[in-house]
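Coordinate analysis (summary)
This is what each chain is made of:
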Amino acid sequence: MDTSPSKKLVEMRDIVKSFPGVLANDHVNFTLYRGEIHALLGENGAGKTTLMNILYGLYRPDEGKILVRGKPVKIGSPADALHLGIGMVHQHFKLIPPHTVVENVILGLKSPRFKLDVGRAAHEISDLASRYGWKINPFARIWQLSAGEKQMVEILKVLYHGADILILDEPTSVLTPQETRGLFESLKKMREEGKGIVFITHKLEEVFAVGNRVTVMRKGRVVATMSMEKATREELARLMVGRPVLFRLEKESVEPGRPVLQLEDVHALGEKGVPALRGITLIVREREVLGIAGVTGNGQLELAEVATGLRKVTHGRVVVDGVDVTNKGPRAFIEKGIAYIPAERQREGLVIGMNVAENLVLRYYRYEPFSRRAVINWRMVDENAEKLVRKFEIVTPNVRETTRHLSGGNQQKVVVARELGGRPGGKTPRLVVAMYPTRGLDVGATEYVRKTLLRYREMGSAIFLVSEDLEEIFQLSDRIAVIFEGQIMGVVRPSETSYEEVGLMMAGAKRLEEIPA
Ligand SMILES: Nc1ncnc2c1ncn2[C@@H]1O[C@H](COP(=O)(O)OP(=O)(O)OP(=O)(O)O)[C@@H](O)[C@H]1O
Ligand SMILES: [Mg+2]
């Protein structure tokens, strides 16, 4: 990589940005070169998104200077940023669901090209996509797309506007491993073309897979910038968290107890009215983690929703602690002690406009001690919030902060804290249904959540873990069930299988021998 001054695309100098009660960026220096993938790492709330929002014109810095291609600039809006060739894809997508791909891509394009010729734009978008090895139907509507495809559209939008400075904020957190590999290939192609890419992630192996250099932020400051040749996993983790991070989990061997959740020949329909679950039979017992491995979109969401009463089954039975709760609705499941960490925090996990304390009792406010005779006891709500914020290290100025103002990872921590620690009376859940529970969490918080899940397992909870991260599945699970097109391809023990075998089953290979439940 060429780091001569003429290759500097962006230089941010001494950037300061504060919000009420928070110093989000504290004299930050950051440089991006042509032909570079620059990884940006740091704990949840470290200030990564804020720094990039400044570069993208969403926030004005309180102090500091920005140079783009050597020239000092003022970036007052995303339109200014795009004009300077800077594009950003956010942690939470900003596409408009009822519109088509082509409409979303050309949206906000003020140039006369807009007058337009949608047909031509569609053509250009297809061309652009195929240049990076993607396939997309320009006339598909956004709501019909998978998370991976939506992200592709976001990136295409930025490229279509001619950006050569690309900011990707945790792009891989919603991608399948295959999609992630595809994205990396495209990013490398862009790098070869001389584009500069800022890549925010919490996954260290990804930093090593594509990064040229890495910058680590901590509590609003840059603590190191280095080339990847000089970096090690341990060193980066330590820089981020300020202490060494264990990459191994201690897992006690415990005997599973009685069945908590039993699914018997369950069938259910998916969002689009097509069969999503086709005869699923599974048991999760006390003191046991059942991992569900599979490529996203093979029925995991529907399975988790059936297990939490949010989705009706069209056939079969759902039994919790020996009681038939088939199609009894989510309240019956909550009252049975089922905690649920949903996949999409901003859509299903939180009410983003409400404050942290309110979100921390969201599913439980109607029960004692949070309310009595339908009157909410705000003192208890606040006490509960203070306790959980401390325990889960949620970074927020106070418990009355609007959840929207929290960093992405801290929003996730609010959901996890409520479900794992926020049940009325501090009771341990009977069953935890956890979908991608560590999505968007930094290495320290990931470690904490995994430990907490294992602690509950030891205390007697049943854990139903859906994850795409095979490492996570293997580390935590006692048994792994592999789902493919709404059916279970087999159930295996992590010690008696391999990533390869599970990978094959995820692609639809059925395992003939079954292990006893
Ligand atoms: N619009 C806002 N209003 C108030 N506070 C904000 C706002 N945006 C960010 N913050 C605060 O600034 C700090 C840095 O947040 P930022 O989103 O930059 O973190 P991050 O490094 O991207 O974290 P994560 O890994 O969790 O996404 C946090 O404490 C956050 O609460
Ligand atoms: Mg962020």
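Residues numbered from 1 in each chain as written. Chains lettered and ligands numbered in written order. Predicted model: local features only at pLDDT ≥ 70, side-chain atom pairs only at ≥ 80, totals over all residues.

1. Some words on the overall build of the protein
Applicable threshold: Strands here are runs of E lasting at least two residues and helices are runs of H or I lasting at least four, both read from the DSSP assignment and numbered beginning at the N terminus. Note on method: radius of gyration uses C-alpha positions; expected globular size equals 2.2 Å times residues raised to 0.38. In this scheme every C-beta is placed from the backbone, and a residue whose C-beta has 20 or more other C-beta atoms within 10 Å is buried, one with 12 or fewer is exposed, and one in between is partly exposed. Once C-beta atoms are placed from the backbone, any two residues with those atoms within 7 Å are in contact.
Per the secondary structure count, the protein includes 17 helices and 22 strands. Relative to the 2.2 N^0.38 estimate, which gives 24 Å for 517 residues, the radius of gyration of the protein is 24 Å and therefore close to what a compact globule would have. Seen through its C-alpha atoms, the protein measures out along the principal axes to roughly 70 × 50 × 45 Å. Per-residue burial over the protein gives 47% buried out of 517 residues. Summarising the internal contacts of the protein: among those between residues at least 6 apart in sequence, 68% fall at separations of at least 24.

2. A word on the sheet that holds strand E22 (residues 487-492)
Operational definition: Pairing between two strands is assigned when DSSP locates at least 2 bridges connecting them. Axis definition: a line fit to C-alpha positions, over the contact stretch in the case of helices; interaxial angles, taken between N-to-C directions, run 0 to 180 degrees.
Read from one edge of the open sheet, 6 strands run E16-E19-E20-E13-E21-E22, paired in mixed fashion. Here the strands that pair on one side only, and so sit at the sheet edges, are strand E16 (338-341) and E22. Recorded for the sheet is a direction-independent mean angle of 15° between the axes of neighbouring strands. Bridge analysis of strand E13 (residues 288-293) against strand E20 (residues 462-466) gives 5 bridges, and the strand direction is parallel. Across the sheet, glycine 291 pairs through a bridge with leucine 465, a residue of E20.

3. What about the domain arrangement of the protein?
Worth spelling out the cut-off: Boundary definitions for the domains trace back to an automatic or database domain assignment. Gly falls in the polar group here, along with every residue not listed as nonpolar (Ala, Val, Leu, Ile, Met, Phe, Trp, Tyr, Cys, Pro) or charged (Asp, Glu, Lys, Arg).
Under the domain assignment, the protein is made up of domain 1 (5-241), domain 2 (247-337 + 427-517) and domain 3 (352-426). One C-alpha centre belongs to domain 2, the other to domain 3, and the line joining them spans 26 Å. Taken together, the 12 residues of domain 2 in the interface contact 12 residues of domain 3. Each residue belonging to the side of domain 2 that touches domain 3 can be placed in one class, and the counts come to 7 nonpolar, 2 polar and 3 charged.

4. Examining the pairing of strand E19 (residues 431-435)
Spelled out, the test is: If the strands point away from the viewer and the path from the first strand over the helix to the second runs clockwise, then the crossover is right-handed.
The buried fraction of E19 amounts to 5 of the 5 residues, a majority that puts the element mostly inside the structure. As defined by bridge partners, E16 adjoins E19 across 4 bridges and the pair is classed as parallel. Looking across to E19, one finds that alanine 339 is bridged to valine 432. Where E19 lies against E20, 5 bridges are found, and the strand directions are parallel. Among the inter-strand pairings, methionine 435 is bridged to a residue of E20, identified as valine 466. In this view, the connection linking E19 to its parallel neighbour E20 by way of helix H15 (residues 443-459) has right-handed handedness.

5. Concerning the sheet that holds strand E3 (residues 36-42)
Strands in a sheet are paired, the pairing made by backbone hydrogen bonds, and the direction either parallel or antiparallel. Spatially, 6 strands are ordered E6-E7-E8-E3-E9-E10 in an open sheet, and the strand pairing comes out mixed. Two strands bound the open sheet, and with one partner strand each, they are strand E6 (86-89) and strand E10 (221-227). Here the strands of the sheet are splayed against their neighbours by 15° on average, with no regard to which way each runs. Judged from the 5 bridges that link them, E3 and strand E9 (residues 213-218) form a sheet pairing that is parallel. Pairing of leucine 41 across the sheet is with valine 216, part of E9. In the packing of helix H1 (residues 48-55) onto the sheet, the strands contacted are E3, E6, strand E7 (165-169), strand E8 (196-200) and E9, and the crossing angle to E7 comes to about 150°.

6. Side note on the nonpolar core
The cut-off we apply is this: For this analysis, nonpolar core means a set of buried Ala, Val, Leu, Ile, Met, Phe, Trp, Tyr and Cys residues linked through C-beta atoms within 7 Å.
Counting residues in each nonpolar core, the largest one holds 78 residues, and the members touching the most others are Val432, Ala434, Phe464, Leu465 and Val482. No other element matches the 6 residues that strand E12 (residues 275-285) contributes to this core. Looking at which domains feed residues into this core, each of domain 2 (247-337 + 427-517) and domain 3 (352-426) supplies at least three. Met52, Leu175, Val222 and Ala237 belong to the second-largest nonpolar core, a separate cluster that totals 69 residues.

7. Examining helix H17 (residues 499-506)
Selection rule: Note: the arc covers the axis-to-C-beta directions of the helix.
Those residues of H17 not exposed but buried are Val502, Met505 and Met506. Take H17 and look down its axis: the buried residues cluster within an arc of 105°, on one side only. The elements touched by buried residues of H17 are E13, helix H16 (470-476), strand E21 (479-484) and E22. Count one or two residues on from H17 and you reach glycine 508, which has phi positive near 110°.

8. Digging into the environment of valine 105
Examined against the element boundaries, valine 105 turns out to sit in helix H3 (residues 101-106). Separated by 16 residues in the primary sequence, valine 105 and alanine 121 place their C-alpha atoms 8.8 Å from one another. When neighbours within four sequence positions are excluded, valine 105 is seen to be in contact with Ile125, Val153, Leu156, Lys157 and Tyr160.

9. Observations concerning the environment of valine 198
Within the secondary structure, valine 198 sits in strand E8. Here valine 198 falls in the buried class, since 25 other C-beta atoms lie within 10 Å of it. Through-space distance from the C-alpha of valine 198 to that of methionine 88 is 9.2 Å; in sequence the pair is 110 residues apart.

10. Looking at the site of ligand 1
For the record, the criterion: Throughout this description, a residue near a molecule or strand is one whose C-beta atom, derived from the backbone, lies within 6 Å of it.
In the vicinity of ligand 1, 18 residues are found, and the nearest of them are Asn44, Thr49, Thr50, Ser407 and Gly409. Contributions of two or more residues to the shell around ligand 1 are made by strand E2 (22-33), H1 and helix H14 (408-421). Split into classes, the residues belonging to the shell around ligand 1 amount to 6 nonpolar, 11 polar and 1 charged. Mapped onto the domain boundaries, the shell around ligand 1 takes at least three residues apiece from domain 1 (5-241) and domain 3 (352-426).

11. A closer look at the pairing of E8
Extensive coverage of E8 is indicated by the burial of 5 of its 5 residues. Across the two faces of E8 the burial is the same, with Gly196, Val198 and Ile200 and Ile197 and Phe199 all buried. As paired strands, E3 and E8 are joined by 5 bridges and run parallel to one another. Each residue of the ladder has a partner; that of histidine 38, found in E8, is valine 198. With 5 bridges connecting them, E7 and E8 associate as parallel partners. Within E8, the position partnered with isoleucine 167 by the bridge is valine 198. Running through helix H6 (residues 177-192), the crossover from E7 to the neighbouring parallel element E8 is right-handed.

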